Amino acid sequence: MSAATATTPVNAEQTGRRVEEVLERLTASGDPAAAAAAEELVRSLMDFYGAGLARILHLLTAAPDGPAARLLGDELVASLLVLHDLHPEDRDARIARALDSVREHALEVVDFDESSGTLSLRAREAGGCGCGSGGDARQAAEAALACFAPEVRAVDVQTAPAGPTLLQIGTAPTGAR
């Protein structure tokens, strides 16, 4: 692989979707088209693994000051490590890492239901109008979690309750007493 391949972005989530689509075609067909689909599956996996391995080499040689942290923070490499059960961080640490990558949404973990794979999050108030952007936050969290914590199969974002309304108390105008 060339050095250019090491910097070419490959999206783990998109690759996973493509593999699922190919698998669906394989299971639904009993004809020679299945052979063509199998070839496509192998090609997709080879591209995914090749890009991940190239990225590992690139990150190791480009970061003498802390290659492990950079490797664990890279979405493609992290997804490969998780896929092979090689990621050194536990689920909670990986969830925290994923949410840190979308910190502009100010999300905090409320609960994780292991039976359903549902992660409940709360959107902390960011000091704006309080209207929140739950859909955007959920989508951002889902995309980050797909790489770092694929055991999270659903994300539920709750909006933090608004704080008490502030009342301004001033002196009464002259003559109003």
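For the structure, check the block above.
Please read all numbers here as calculations on a predicted model, not as lab measurements.

J.: Sorry, what's going on with the sheet that holds strand E2 (residues 118-123) here?
T.: Think of a sheet as strands paired side by side through backbone hydrogen bonds, with each pair either parallel or antiparallel. Pairing in this open sheet of 3 strands is mixed, and the strands run E1-E2-E3 from one edge to the other. Sheet topology places strand E1 (107-113) and strand E3 (154-159) at the edges, where each strand pairs with a single neighbour. The sheet shows a mean angle of 25 degrees between the axes of neighbouring strands, direction not considered. In this sheet, E2 lies alongside E1 in antiparallel orientation, the contact comprising 6 bridges. Directly across from Asp-111, in E2, lies its bridge partner Ser-120. Packing of helix H6 (residues 91-100) onto the sheet brings it into contact with E1 and E2, and relative to E1 it is tilted by some 145 degrees.

J.: Where do I start with the pairing of E2 in this structure?
T.: Looking along a regular strand, one sees the side chains alternate between the two faces of the sheet. Following E1, the chain reverses through 4 residues before pairing antiparallel with E2; Gly-117 in that reversal takes a positive phi of roughly 75 degrees. Across 6 bridges, the pairing between E2 and E3 is parallel. Directly across from Thr-118, in E3, lies its bridge partner Ala-154.

Here is what the cut-offs are and how they apply
Residues numbered from 1 in each chain as written. Predicted model: local features only at pLDDT ≥ 70, side-chain atom pairs only at ≥ 80, totals over all residues. Heavy atoms only, no water. Pairing = 2+ DSSP bridges. Helix = DSSP H or I, 4+ residues; strand = E, 2+ residues; numbered from the N terminus. Axes fitted to C-alpha atoms, helices over the stretch in contact; angles between N-to-C directions. Contact = heavy atoms within 4.5 Å.

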